[in-house]
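# Overview (structure and organization)
Letter by letter, the chains look like this.
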Amino acid sequence: VARRSGGDGGPASVLVIGGGISAAQAALTASRAGHRVVLRSRRPLQSRPFDIAVGWLDVRHADRLRFEYLCLPPTRRLQAIRDATAGGSVPAPYLEELQRLAASPGSSLRIEVDE
């Protein structure tokens, strides 16, 4: 979180970088405190139950997935991790509040996406 203020105690300009729960919480907290907030993310914010493929959490599949991962050459393992994850996610209530605030006329919260 980057913060810049004129030093007069007025609202600061806050830049939050990220697309997960921590970024959402930081943006909402700063916005509720009356600051001007830009939430910047690499991809559109999304809400999912888990940040990894659910098979990794299922005992019936996790051992097989772990074995397949360990059989990969070390040079391919990083890509396998990237394939199993899809970036951060934001709990639905946070995402709804962020979208509501960003859509409000005269809002001090703006969401920017690189894509």
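See above for the structure.
Here we summarise the structure given alongside this text. The model shown is predicted, which means the values in this text are computed figures rather than measured ones. (Residues numbered from 1 in each chain as written. Predicted model: local features only at pLDDT ≥ 70, side-chain atom pairs only at ≥ 80, totals over all residues. Heavy atoms only, no water.)

## Topic: the overall build of the chain
From N to C terminus, the chain includes 4 helices and 4 strands. The order of α-helices and β-strands along the chain, N terminus first, is β-β-α-β-α-α-α-β. In terms of overall size, the chain is more extended than a compact globule, its C-alpha atoms giving a radius of gyration of 18 Å where 115 residues would be expected to give roughly 13 Å. Evaluated residue by residue, the chain yields a buried proportion of 25% over its 115 residues. Contacts in the chain between residues far apart in sequence, at least 24 positions, make up 59% of those at least 6 positions apart. Looking at the chain as shown, the accessible area adds up to about 7700 Å², and 56% of this sits on carbon and sulfur atoms. (Helix = DSSP H or I, 4+ residues; strand = E, 2+ residues; numbered from the N terminus. Rg over C-alpha atoms; globule rule 2.2 N^0.38 Å. Buried < 20%, exposed > 50% of the residue type's maximum accessible area, 1.4 Å probe, protein only. Contact = heavy atoms within 4.5 Å. Areas by Shrake-Rupley, 256 points an atom, 1.4 Å probe, with all protein chains shown as cover.)

## Regarding the packing of aromatic side chains
All told, the structure shown has 0 aromatic pairs when counted by the stated rule. Between the NZ or CZ atom of Arg77 and the centre of the ring of Tyr69, over which it lies, the distance is 5.5 Å. (Phe/Tyr/Trp six-rings, centres within 6.5 Å; stacked < 30°, edge-to-face > 60°. Lys NZ or Arg CZ within 6 Å of the ring centre and 35° of its normal.)

## Quick notes on the nonpolar core
Residues Val16, Ala27, Val37, Leu39 and Leu98 are the most contacted members of the largest nonpolar core, which totals 16 residues. Breaking this core down by element, the ones donating at least two residues are β2 (13-17), α1 (21-32), β3 (36-41) and α4 (92-103). For this core, the leading source of residues is α1, giving 5 residues. If near-sequence neighbours (up to four positions away) are discounted, Val37 is found in contact with Val14, Val16, Ala27, Ala30, Ser31, Ser108, Leu109 and Arg110. (Core = buried A, V, L, I, M, F, W, Y, C linked by side-chain atoms within 4.5 Å.)

## A word on the side chain of Ser31
Mapped onto the fold, Ser31 is located in helix α1. Relative accessible area serves as the criterion here: at 12%, Ser31 is assigned to the buried category. Sequence-distant contacts of Ser31, defined by excluding residues within four places in its chain, comprise Val37, Leu101, Ser108 and Leu109.

## Notes on a nonpolar patch on the surface
Judged by side-chain polarity, Phe50, Ile52, Val54, Trp56 and Leu57 come together as a nonpolar surface patch covering roughly 440 Å² of accessible area. Structurally, the position occupied by Trp56 is in the loop between β3 and α2 (59-71). Trp56 sits in the partly exposed class, given a relative accessible area of 31%. (Patch = residues over 30% accessible without salt bridge, like charges linked within 9 Å, V, L, I, M, F, W, Y side chains within 5 Å. Salt bridge = Lys/Arg side-chain N within 4 Å of Asp/Glu carboxyl O.)

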